[in-house]
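Breakdown of the fold
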Amino acid sequence: MKVVRTVDDARAAIPSAGVGLVPTMGALHAGHVALLRAARAENETLVASIFVNPTQFGPGEDYGEYPRDEERDLHVAEAEGVDLVFAPSVDGMYPDGFQTWVEVEQVARGLEGAARPEHFRGVATACLKLFNIVRPARAYFGQKDAQQAALVEQLVRDLNVPVEIRLVSTVRDEDGLALSSRNALLSSEERATAIALPRALSRGKLAFASGEDPIAAARAVLDAEPSLGVDYVETARFNGRVHLLAAVRAGRTRLIDNVLLEGSL
Ligand code: AMP
């Protein structure tokens, strides 16, 4: 496995065809591994990027605290058959004078976009840059970040980016909590209360299946856990899929999750 840190080295090392890309912010867990395995199975060359993208963090968010463990990540990537890791520096991605941003309009509004105003501009810009640097035939995103996946699908469609976007189901811990790099920031008490999030979403999905209001059902479960702050519980339709989505705060850590109510990935 090769590790490259500059755009020029990435361009020189990555073949021009048969490439699958898994973009990540590192602190790799079994959710990332599911993306790597899906990509490994379908592409001749597997590229993973590891970049904690500062432009998708707002002021006062957890950019500084975001978990980073490159040595461990490189072992995980190597074990999953990654051919090349692109781990650029912040200056390499955003050199002095950088001034071009990608704004996806409607998909970026509401939900995470309402809570984190510049988040999706940062995500869209970083993803388009990665697509242009790596030039993958396919790129892999998790259902866990459903609005982000829909935003990338929209960006690729609107700007005719020659990449196929593939979505992978959410990987969860045994108790249902969706795996997330941010779970490492939870205290054990916060970790215990956080499972109300997947429970609420499952309850909402059951309610929906029996013709009841999924939002009210999910809210009732979250409201019974007063130490969780609820940012939103909403449904949204993305590309023919209907999701029930929620964001909560456990202490200083913000967690998001969603389940599919209609459609498939
Ligand atoms: P991140 O490193 O958190 O930016 O995530 C990188 C990619 O992994 C994104 O496409 C995420 O949606 C995906 N991902 C994160 N957590 C999970 C999970 N628990 N299951 C499946 N995919 C995930």
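See the structure above.
This write-up is about the structure you can find in this document. Every value quoted in this text rests on a predicted model; they were computed, and no experiment measured them. (Residues numbered from 1 in each chain as written. Predicted model: local features only at pLDDT ≥ 70, side-chain atom pairs only at ≥ 80, totals over all residues. Heavy atoms only, no water.)

**Regarding the sheet that holds strand β9 (residues 253–262)**
Strands belonging to one sheet form pairs held by backbone hydrogen bonds; the direction of such a pair is parallel or antiparallel. The strand order β7-β8-β9 describes an open sheet built from 3 strands, whose pairing is antiparallel. Each edge of the open sheet is held by one strand with a lone partner, namely β7 (228–238) and β9. When strand polarity is set aside, the average angle formed by the axes of neighbouring strands in this sheet is 15 degrees. Inspection of the sheet shows β7 paired to strand β8 (residues 241–250) by 10 bridges, in the antiparallel sense. If you follow R237 over to β8, its bridge partner there is V242. On top of the sheet, helix α9 (residues 196–209) reaches β7, β8 and β9; it is set at about 20 degrees to β9, its chief contact. Across the sheet, helix α10 (residues 214–223) is in contact with β7, β8 and β9; its angle to β7 comes to roughly 160 degrees. (Pairing = 2+ DSSP bridges. Helix = DSSP H or I, 4+ residues; strand = E, 2+ residues; numbered from the N terminus. Axes fitted to C-alpha atoms, helices over the stretch in contact; angles between N-to-C directions. Contact = heavy atoms within 4.5 Å.)

**Structural notes on unusual backbone geometry**
The phi dihedral of N160 is positive, around 55 degrees, even though this residue is not glycine. As for its placement among the helices and strands, N160 is situated in the loop between α7 (146–158) and β6 (164–168). Judged by relative accessible area, N160 falls into the exposed class, the value being 64%. For N239, which is not glycine, the phi torsion reads 50 degrees and is therefore positive. Note that N239 resides in the loop between β7 and β8. (Buried < 20%, exposed > 50% of the residue type's maximum accessible area, 1.4 Å probe, protein only.)

**Some thoughts on the site of the ligand**
Contacts to the ligand come from 17 residues, most closely from M25, H32, D145, V171 and L179. Contact between the ligand and H32: an oxygen atom at 2.8 Å from a side-chain N or O atom of the residue. The contact in question runs from an oxygen atom of the ligand to an N or O atom on the backbone of G142, over 2.9 Å. Looking at the shell around the ligand, the elements that each hand over two or more residues are β2 (19–24), α2 (30–42) and β5 (138–142). The element best represented in the shell around the ligand is α2, accounting for 3 residues. Per-class residue counts for the shell around the ligand are 7 nonpolar, 8 polar and 2 charged. (Near = heavy atom within 4 Å. Polar contact = N/O pair within 3.5 Å; in protein donor to acceptor, adjacent residues only side chain to side chain. Nonpolar A, V, L, I, M, F, W, Y, C, P; charged D, E, K, R; others polar.)

**Some thoughts on the sheet that holds β2**
The strand order β1-β4-β3-β2-β5-β6 describes an open sheet built from 6 strands, whose pairing is parallel. Each edge of the sheet is formed by a strand with only one pairing partner; in this case those strands are β1 (2–4) and β6. Sheet twist, expressed as the average angle between the axes of neighbouring strands with direction ignored, equals 25 degrees. Relative to strand β3 (residues 45–50), β2 runs parallel, the two sharing 6 bridges. Bridge pairing links T24 to I50 in β3.

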